Amino acid sequence: MRGIEIEDLWVKYPLHNEQAIDKNNGYILKGINLKISPGEFVVISGFTGVGKTTLISCLNGVAKNYYNAQINGNIFINGKKINSLKIGTISQKIGTILQDIEAQVFNLRVEDEIAFGCENLGIQPKKIEDRVQKYSKILQVDPKAEIEKLSLGQKQRVLTASVFAMEQDIVLLDEPLANLDINTAKIILEYLSKLVREHNKIVVIIEHRIDLILPYLTRLIWLENGIIKDDLNQEEALNKYYQFFEGKFSPKKNYSTDILFRLKECNLGYKNNLVLEDINLEIYKNDKLIILGNNGSGKTTLLKSLCGLIKQQKGEIWRHPELRRNRFQKIAYIYQNPNYQLFQDSIYKEFEFQSKKNIIDKYLNLFGISHLRNRHPFTLSEGEKRLATIAIMASMEPKILLLDEPTIGQDSKNLTKLLESLEKINHKKGTSIIIVTHDIRCARSLGKRVIWLKNGKIYKDGNESLVKEYFKSNSNIDN
């Protein structure tokens, strides 16, 4: 058979061997049987931690060769058994985009990164040069740009271009839309759809933003507890998505005239790189503020300026007196990459390091992660890590929570729980919640005040109606 064939796949990791995490002796995947043919656009979804990343890590050899997973069962690519093959051999047929962007970027310049994979496959230099130009244009990245100066979303574009440039038969993508604005997400999805329709490639994507991807998929594989619960066509997938999230969350409105921050004619950026210019903004106690804007528009820069991680190049940032002492206890900043904030050997110890012992259980329960309390942070899925970092920082009970893309990796159940938890903190504690997001589900639910950044300026500052306007302006999809 051409394509992918998986027979009775059981997988577990060494870290889970001594203490089983479920009744199946620690197995993450349990008896997976799956066939995917050329010309299919397959989305793998399901609740956080059910084995989605593990499944594609088995296909590309990472689970066995990097994590030393115990794998029982057979995996065939184009009829050839790959269980014993090394990653280098598998990569000639399979390209992969990982969840952790920073872990997959190796070079200093965009053009070198796009060329890197092609060079490792032994492609001729002239062809590599042509592909660098082609995929730079498709992903709208400057091949001469320095990668360290790019936003995380822009790095995602570069990484995607580098994988596309290798032009393998099978492309595996682990939450490729998570850091992307709606317009870039659409560009990538349309190109992937073209690979499937016109070139008979196989595309397999792990994704929670089903609303974005529905027009393109041919199948939705739904995992639960390590097994395939559903194998759905496009129409069935549509019904599955709306059953989980629509209409489940209704936030309350809080209002205050007590100003926490005032930015006056501020220029914000890094050394000689000006990102935001002439920013005038007031942020109030109890605010639930959503910050929208395309990749590279300055959203993360604005958050870092508020908490003092970077200093304004011009203008004034006034902070309420209660924020000036012990600033980093009063202003909690949750990074886009949760790996930057996890360093203890259990989730419970992470809480102990940040907060008072008598409230740890309260926040474990509030965010629904009590079952993770004794787990090592780096045995968790990316979605679980992100949820844990939010809960840990919230347990400091700060005056302000700054969240940079908090919903990445969150299934509909965890997303609803997260939004409800943030709502409780805002309403009962008076904590101001400021969120950078590309996720329309989050923006719709918490966007009572919305800032739209564009071309280095605050383009608009308004209410929840801006959410619909922003997403409509970046997509033909009726949101």
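Asker: Just give me the short version of the packing of aromatic side chains, but keep the residues and values in it.
Answerer: For the structure on display, the rule yields 14 aromatic pairs. Pairing Tyr 66 with Tyr 67 gives two aromatic rings, centres 4.9 Å apart and planes at 85 degrees, and the pair type is edge-to-face. On the basis of relative accessibility, which here comes to 61%, the residue Tyr 66 falls in the exposed class. Note on Tyr 67: relative accessible area 44%, which makes it partly exposed. When the ring of Phe 164 is compared with that of Tyr 191, the centres are 5.0 Å apart and the planes differ by 35 degrees; the resulting orientation is tilted. Taken together, the residues Phe 164 in helix α6 (residues 152-164) and Tyr 191 in helix α7 (residues 182-199) connect sequence positions 27 residues apart. Residue class for Phe 164 comes out buried when judged on its relative accessible area of 4%. A relative accessible area of 13% places Tyr 191 in the buried class. An aromatic cluster of three or more residues is present, and its members are Trp 452, Tyr 459, Tyr 470 and Phe 471. Cation over ring: Lys 413 sits above Phe 47, and NZ or CZ is 4.4 Å from the ring centre.

Asker: How would you sum up the pattern of salt bridges? Please name residues and give values.
Answerer: On inspection of all chains with the given rule, the structure shows 30 salt bridges. A salt bridge links Asp 169 to Lys 93; the nearest nitrogen and oxygen atoms lie 3.5 Å apart. Placement of Asp 169 in the loop between α6 and β7 (170-174) and of Lys 93 in the loop between α3 (87-90) and β6 (94-97) is noted, with a sequence separation of 76 residues between them. Lys 93 sits in the partly exposed class, given a relative accessible area of 41%. In this structure, the salt-bridge partner of Asp 278 is Lys 457, at a minimum N-O distance of 3.7 Å. Taken as a pair, Asp 278 in strand β12 (residues 273-284) and Lys 457 in strand β19 (residues 457-462) lie far apart in primary sequence, 179 residues in all. The network of salt bridges with common partners includes Glu 40, Arg 219 and Asp 231.

Asker: Before we move on, can you summarise the sheet that holds strand β15 (residues 331-334) with the specific residues and values?
Answerer: The mixed open sheet is built from 6 strands, whose spatial order is β15-β16-β17-β13-β18-β19. Strands at the two margins of the open sheet, each flanked by one partner only, are β15 and β19. For this sheet, the mean inter-axis angle between neighbouring strands, taken without regard to orientation, is 15 degrees. The pairing of β15 with strand β16 (residues 400-404) spans 4 bridges and is parallel. The residue of β16 that forms the bridge with Tyr 333 is Leu 402.

Asker: Please set out empty space enclosed by the protein residue by residue, giving values where relevant.
Answerer: If you walk through the whole model with that rule in mind, you get 4 cavities of 30 Å³ or more. Its volume calculated, the largest cavity comes out at about 150 Å³. Residue lining of the largest cavity: 16 residues in total, with Gln 99, Asp 100, Ile 101, Asn 179 and Arg 386 positioned closest to the centre. Only α6 and α14 (382-394) provide two or more residues apiece to the lining of the largest cavity. Its residues assigned to classes, the lining of the largest cavity comprises 5 nonpolar, 5 polar and 6 charged.

Asker: Describe the environment of Gly 51, and please don't skip the residues or the numbers.
Answerer: By the element assignment, Gly 51 lies in the loop between β3 (41-46) and α1 (52-59). For the pair Gly 51 and Glu 167, spaced 116 residues apart in sequence, the C-alpha separation works out to 27 Å. If sequence neighbours within four positions are ignored, Gly 51 has contacts with Ile 28, Leu 29 and Leu 223.

Asker: Before we move on, could you go through the pairing of strand β17 (residues 432-436) and cite the residues and values that matter?
Answerer: Of all 5 residues in β17, 5 are buried; the element is thus mostly enclosed. Across the two faces of β17 the burial is the same, with Ser 432, Ile 434 and Val 436 and Ile 433 and Ile 435 all buried. Note that strand β13 (residues 288-292) and β17 share 4 bridges and pair parallel. Bridged to Ile 290 within β17 is Ile 435. As for the winding sense of the linkage, the β-α-β connection from β16 through helix α15 (residues 412-429) to β17 is right-handed.

Asker: Talk me through unusual backbone geometry; I want residue IDs and the actual numbers.
Answerer: Backbone geometry at Glu 265 places phi at a positive 50 degrees, although glycine is not the residue there. In this structure Glu 265 comes out as partly exposed when scored by relative accessible area, which is 43%. Residues other than glycine seldom take positive phi values, yet Lys 271 does so here, at roughly 50 degrees. Mapped onto the elements of the fold, Lys 271 is located in the loop between β11 (259-270) and β12.

Asker: Give me the pairing of β16: which residues, what numbers.
Answerer: Most of β16 sits inside the fold, with 5 of its 5 residues counted as buried. Neither face of β16 is left uncovered, since the one carrying Ile 400, Leu 402 and Asp 404 and the one carrying Leu 401 and Leu 403 both have all their residues buried. Note that β16 and β17 share 5 bridges and pair parallel. Paired with Leu 401 across the two strands is Ile 433, which belongs to β17.

Asker: Outline the nonpolar core, listing residues and values.
Answerer: Among the nonpolar cores identified, the biggest contains 126 residues, and Phe 41 and Phe 367 are the most heavily contacted of them. Here the element with the most residues in this core is α7; it accounts for 8 residues. For Phe 367, the contacting residues outside a window of four places in its chain are Leu 387, Ile 390, Ala 391, Ala 394, Lys 417, Leu 418, Ser 421 and Ile 425. Membership of the second largest hydrophobic core comes to 26 residues, among which are Leu 276, Leu 302, Leu 303 and Ile 331.

Thresholds applied
- Residues numbered from 1 in each chain as written.
- Predicted model: local features only at pLDDT ≥ 70, side-chain atom pairs only at ≥ 80, totals over all residues.
- Heavy atoms only, no water.
- Phe/Tyr/Trp six-rings, centres within 6.5 Å; stacked < 30°, edge-to-face > 60°.
- Buried < 20%, exposed > 50% of the residue type's maximum accessible area, 1.4 Å probe, protein only.
- Helix = DSSP H or I, 4+ residues; strand = E, 2+ residues; numbered from the N terminus.
- Lys NZ or Arg CZ within 6 Å of the ring centre and 35° of its normal.
- Salt bridge = Lys/Arg side-chain N within 4 Å of Asp/Glu carboxyl O.
- Pairing = 2+ DSSP bridges.
- Axes fitted to C-alpha atoms, helices over the stretch in contact; angles between N-to-C directions.
- 1 Å grid on protein atoms, 1.4 Å probe; cavity = no way out; pocket = protein on both sides within 12 Å on 5 of 7 lines; lining within 4 Å.
- Points joined across faces, edges and corners; volume = space filled by probe spheres on them.
- Nonpolar A, V, L, I, M, F, W, Y, C, P; charged D, E, K, R; others polar.
- Contact = heavy atoms within 4.5 Å.
- Right-handed = clockwise from strand over helix to strand, strands pointing away.
- Core = buried A, V, L, I, M, F, W, Y, C linked by side-chain atoms within 4.5 Å.

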